[in-house]
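# Structural overview for review
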Amino acid sequence: MKRGLKVFISLACFTLIALPVFSQPSSKSIETFVLEDFDSVNGQNYLYNGEAYSWDWTVNASRFIAEGFPKYNYFDGVPNSLKQLLKGTDKELKVLGVQTAFNRKGDNWFEVYPTADGKPFEVPFVGDVSQIDFWVWGANYNYHLEIMLRDALGRVHVLYATNLAFNGWRNVVVNIPGWLQQHSHLRSGPENMTFVGFRIRSDAEEYVDNFAIFFDQIKYTSNSLSFIFDGYELKDVDFGDSSSESEVKE
């Protein structure tokens, strides 16, 4: 019995080793997309569904903003950690800066968001996003930074990113929760999750007379094949010139 068992095990192992190994099809393609590097003002040419999109940025603030604020502009600069990666590029490396001042302490806030043709523009994400990361320059004020995202059902969600009580550049990574619906099965309305913008809030006890913040290199990691299926190109086909007549047989 023992000898027979050994022979059986040996044959089984040989069979497993001798069987050809076939590669399994993968439905995953993890990629990193650059949403904004701030180096090309209104010239991002961000690709989504075969179209190129470009935008500018603007700032909106709560009612106690001081006269003449917020101020925002593009400035020469780049975080030290990115200099080596961008070495040799022909671009003029820029960052987006915002300065605010409020007339009183309290729950003050301002939002930094993309615009196109003078209207707010929400940047659509490609695939199924797992995390968003960006560089932010803190002035060591007790302010709080949040990211605003619109899900595929049209609801805006505010995700906490970081406290800004630090000096200089810091890379911030925000994980996207699994419960946030990123895609819709409907043929009308939002198709995918979109980036709405940043929101910055002052702590109730923090000074608010002179605050500054800078942004650079917004990226996201995504499974770009997550909702691509056989026949995907027919999803948005236009039926506008199709026949609407039908024959009824009795």
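Residues numbered from 1 in each chain as written. Predicted model: local features only at pLDDT ≥ 70, side-chain atom pairs only at ≥ 80, totals over all residues. Heavy atoms only, no water.

This part covers the environment of Lys 83. With respect to the element layout, Lys 83 can be found in helix H2 (residues 80-83). Residues Lys 83 and Leu 93, spaced 10 residues apart in sequence, show a C-alpha to C-alpha distance of 9.4 Å. Here Asn 80 takes part through its side chain, which lies 3.0 Å from a polar atom of the side chain of Lys 83. (Helix = DSSP H or I, 4+ residues; strand = E, 2+ residues; numbered from the N terminus. Polar contact = N/O pair within 3.5 Å; in protein donor to acceptor, adjacent residues only side chain to side chain.)

Moving on to the nonpolar core. Counting residues in each nonpolar core, the largest one holds 47 residues, and the members touching the most others are Phe 110, Val 112, Ile 132, Phe 134, Leu 149, Phe 198 and Ile 200. Not counting residues within four places of it along the chain, the set of residues in contact with Ile 132 comprises Phe 125, Ile 147, Leu 149, Val 172, Val 173, Val 174, Ile 176, Ile 218, Lys 219 and Tyr 220. (Core = buried A, V, L, I, M, F, W, Y, C linked by side-chain atoms within 4.5 Å. Buried < 20%, exposed > 50% of the residue type's maximum accessible area, 1.4 Å probe, protein only. Contact = heavy atoms within 4.5 Å.)

Our next topic: the pattern of salt bridges. Evaluated as defined, the whole model comprises nine salt bridges. Salt-bridge contacts for Glu 92 lead to Lys 94; the nearest nitrogen and oxygen are separated by 4.0 Å. Judged by its relative accessible area of 57%, Glu 92 falls in the exposed class. Arg 199 is paired through a salt bridge with Glu 111; the nearest N and O atoms lie 2.8 Å apart. Here Arg 199 is found in strand E14 (residues 194-202), whereas its partner Glu 111 is found in strand E7 (residues 109-116), with 88 residues between them in sequence. An identical accessibility class is assigned to Arg 199 and Glu 111; each is buried. Salt bridges here are not isolated pairs; linked through shared partners, they connect Asp 76, Glu 92 and Lys 94. (Salt bridge = Lys/Arg side-chain N within 4 Å of Asp/Glu carboxyl O.)

Okay, the pairing of strand E6 (residues 94-100) next. Most of E6 sits inside the fold, with six of its seven residues counted as buried. The pairing of E6 with strand E15 (residues 211-223) spans five bridges and is classified as antiparallel. Bridge assignment links Leu 96 to a residue of E15, and that residue is Phe 215. (Pairing = 2+ DSSP bridges.)

Attention now moves to the pairing of strand E11 (residues 143-150). One face of the sheet, then the other: side chains in a regular strand alternate in exactly this way. The buried count for E11 comes to six of eight residues, which makes it a mostly enclosed element. Across eight bridges, E11 lies against E14 in antiparallel orientation. Each residue of the ladder has a partner; that of Leu 149, found in E14, is Phe 195. Turn length for the E11-strand E12 (residues 156-163) hairpin, with the two strands adjacent in sequence and antiparallel, is five residues, and the turn residue Gly 154 shows positive phi of about 95°.

Another aspect to go through is the environment of Leu 35. Considering the arrangement of structural elements, one finds Leu 35 in strand E1 (residues 30-36). Residue class for Leu 35 comes out buried when judged on its relative accessible area of 2%. Leu 35 sits 88 residues away from Val 123 along the chain, and the two C-alpha atoms are 8.1 Å apart. Residues within four places of Leu 35 in sequence aside, it is in contact with Tyr 46, Trp 55, Val 123, Phe 125, Phe 195, Ile 218, Lys 219 and Tyr 220.

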